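Topology and contacts: notes
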Amino acid sequence: MTVVIGTAGHIDHGKTSLLRALTGIDADRLPEEQRRGMTIDVGYAHMRLDDGSEIDFVDVPGHDRLIGNMLVGAGEIDAAMLVVAADDGPRAQTIEHLELLDALGIRHGLAVVTKADLVPADRLAEVQARVRDLLAPTSLGAAPVIAVSSVTGSGLEALRSAIRAVRGSVPAGAVTALAPRLAIDRVFSVRGRGVVVTGSLRGAGIARGDVLRVEPTGLEVRVREIQAHNQQLDRFEGGGRVALNLAGVDGDALRRGFVLTSDAGVERTDRILVLLRPGRHGDPWHGQRVRIHAGTDQVDGTLDMGRRASAAIGDGSITAIARLARPIAAAIGDPFVLRRPSPGETLAGGRILDPLPPRGASRRRVDAATLGRLAGASWGSGDQLDALVGLHGALPAVRAAALALGTGGRRPVATAGVVLALDVV
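First, a word on scope: everything that follows refers to the structure included in this document. (Residues numbered from 1 in each chain as written. Predicted model: local features only at pLDDT ≥ 70, side-chain atom pairs only at ≥ 80, totals over all residues. Heavy atoms only, no water.)

Inspection of the secondary structure assignment puts Arg 271 in strand S16 (residues 267–278). We note that Arg 271 is buried and unpaired, the nearest opposite charge coming from Asp 304 at a distance of 5.6 Å. Within the structure, Arg 271 has its side chain in polar contact with the backbone oxygen of Pro 357 (distance 3.1 Å). A distance of 3.0 Å separates a polar atom in the side chain of Arg 271 from the backbone oxygen of Pro 358. Setting aside residues no more than four positions away along its own chain, Arg 271 makes contact with Ile 321, Ala 322, Arg 323, Leu 324, Pro 355, Leu 356, Pro 357, Pro 358, Arg 359 and Arg 363. (Helix = DSSP H or I, 4+ residues; strand = E, 2+ residues; numbered from the N terminus. Buried < 20%, exposed > 50% of the residue type's maximum accessible area, 1.4 Å probe, protein only. Lys, Arg positive; Asp, Glu negative; His and termini not counted. Salt bridge = Lys/Arg side-chain N within 4 Å of Asp/Glu carboxyl O. Polar contact = N/O pair within 3.5 Å; in protein donor to acceptor, adjacent residues only side chain to side chain. Contact = heavy atoms within 4.5 Å.)

Structure follows, in structure tokens:
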């Protein structure tokens, strides 16, 4: 399995230079980025390790006005690499990016203090200590802090060792029995070849000739060619970054944020039941306008925190329904970040409890106890399926089967017996 590591950190703290030193690849692929010397959109690189395996990197912009692009990169990563310049120390986007990673629940990664050649030893030790303090209360609290210089090469070997350790700590996400799922982050056309999309593949592998569904549009496409790390492949296993040449679709029918999948659990929806973990900027409230970042997509919405939608959970989390300005592709268990559009602040992180919550008269059975049972159930478990039946009264067999298989590579596998019980409902 290829692990995808995303960079994070303040502008000009050396994220792209660090990746260039590690991989030999300039992740700033756009002419405007190269001219201005700053990352504007998401960039990509990969590194081959001594054992022949490879690590994929997603390089994100550090400017505060480009948080949306940062979250496109962070939405589909397995681990994070927080970068802080030794001469500058932690700055505004250091803290905000760390807050976003914490909201997404990213638990694997490391921190790198760059530009070590520009400061004396005591300053370097001071910045490393400050970074450890920032990490401590977050989901990355156990991450190591490595000092490096991209110019002299000092610390790079220790960093490579730390990256290998991170790869070993990430649970295997590519299970062959699961359906493939790719959240699109780029769409472009190649003369004579047609439409190409890129993204990080989750779940099972993809082979040439496979037919996939595009959500939230429902279109079907055929995989004509597969490329990863500059190599043409007949099949690509899940877990890493891949480019797919597609047949049966025009480029203007696809965009960043769409999902390619054969996962029946990925739904088209404009209304989602969510579990929120409020951040440091205060609790969300009923009727609040928000922006939801999920996968590689972002969409505006409004929070419903009425009695048929909201329940306080013992750990400080709270349920809500988000009404979206347009349909998105979503599945149970998907992580997301909730932000205030203006001024831009992170309100909460969370996961989707139900991409198709009850509507109309069916909402009468929804109460705080029912919501609490669903929120407290383990992901992909029989208890979760039972809680969803309690919420809806009954589940279509296709939804129950998709849940029980733990599709999409995000959910554990539930027992087949639960599906049989639900099919009787």
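Here we take up the environment of Thr 138. Positionally, Thr 138 belongs in the loop between helix H5 (121–135) and strand S6 (145–147). Excluding its chain neighbours within four sequence positions, the residues that come into contact with Thr 138 are Leu 98 and Asp 102.

Another point: the environment of Asp 304. Relative to the helices and strands, Asp 304 is located in strand S18 (residues 297–304). Along the primary structure Asp 304 and Ala 322 are separated by 18 residues, whereas in three dimensions their C-alpha atoms are 6.1 Å apart. The contacts of Asp 304, once residues within four sequence positions are left out, are His 286, Ala 309, Ala 320, Ile 321, Arg 323 and Arg 363. In this structure the side chain of Asp 304 is engaged in a polar contact, spanning 2.8 Å, whose partner is the side chain of Arg 323.

So, on to the packing of aromatic side chains. Working definition: an aromatic ring pair is given by the centre-to-centre distance plus the angle between the planes. Applying the stated criterion across every chain, the model contains 0 aromatic pairs. One Lys or Arg, Arg 241, reaches over the ring of Tyr 44 and ends 3.6 Å from the middle of that ring. (Phe/Tyr/Trp six-rings, centres within 6.5 Å; stacked < 30°, edge-to-face > 60°. Lys NZ or Arg CZ within 6 Å of the ring centre and 35° of its normal.)

On to helix H1 (residues 15–23). Residues Lys 15, Thr 16, Leu 18, Leu 19, Leu 22 and Thr 23 constitute the buried set of H1. Along the axis of H1, the buried positions cluster into a sector of 155°, meaning they face one direction only. Those residues of H1 hidden inside the fold are in contact with strand S1 (3–9), strand S2 (43–48), strand S3 (54–59), strand S4 (79–85), strand S5 (109–114) and helix H6 (156–169). Trailing H1 by a residue or two, Gly 24 shows a phi angle of about 80°, which is positive. (Arc of directions from axis to C-beta.)

Across the sheet, which stays open at both edges, the 6 strands sit in the order S2-S3-S1-S4-S5-S6 with mixed pairing between neighbours. The open sheet has two edge strands, S2 and S6, and neither has a second partner. Put simply, the sheet's adjacent strands are angled 25° from each other on average, direction ignored. Across 4 bridges, S1 lies against S3 in parallel orientation. Residue pairing for S3: Ile 5 is matched across the bridge by Phe 57. Packing of H6 onto the sheet brings it into contact with S1, S2, S3, S4, S5 and S6, and relative to S5 it is tilted by some 165°. (Pairing = 2+ DSSP bridges. Axes fitted to C-alpha atoms, helices over the stretch in contact; angles between N-to-C directions.)

In a structure, side chains of opposite charge can pair up when their charged atoms sit close to one another. Tallying each qualifying case throughout the model produces 20 salt bridges. Arg 181 is the partner of Asp 334 in a salt bridge, and the nearest nitrogen-oxygen pair spans 2.6 Å. Placement of Asp 334 in the loop between strand S19 (318–330) and strand S20 (335–340) and of Arg 181 in strand S7 (residues 181–190) is noted, with a sequence separation of 153 residues between them. Assigned by exposure class, Asp 334 and Arg 181 land together as buried. Residues Arg 291 and Asp 300 are paired through a salt bridge, measuring 2.7 Å at the closest nitrogen-oxygen approach. Here the salt bridges share partners, and the residues they tie into one network are Glu 157, Arg 160 and Arg 164.

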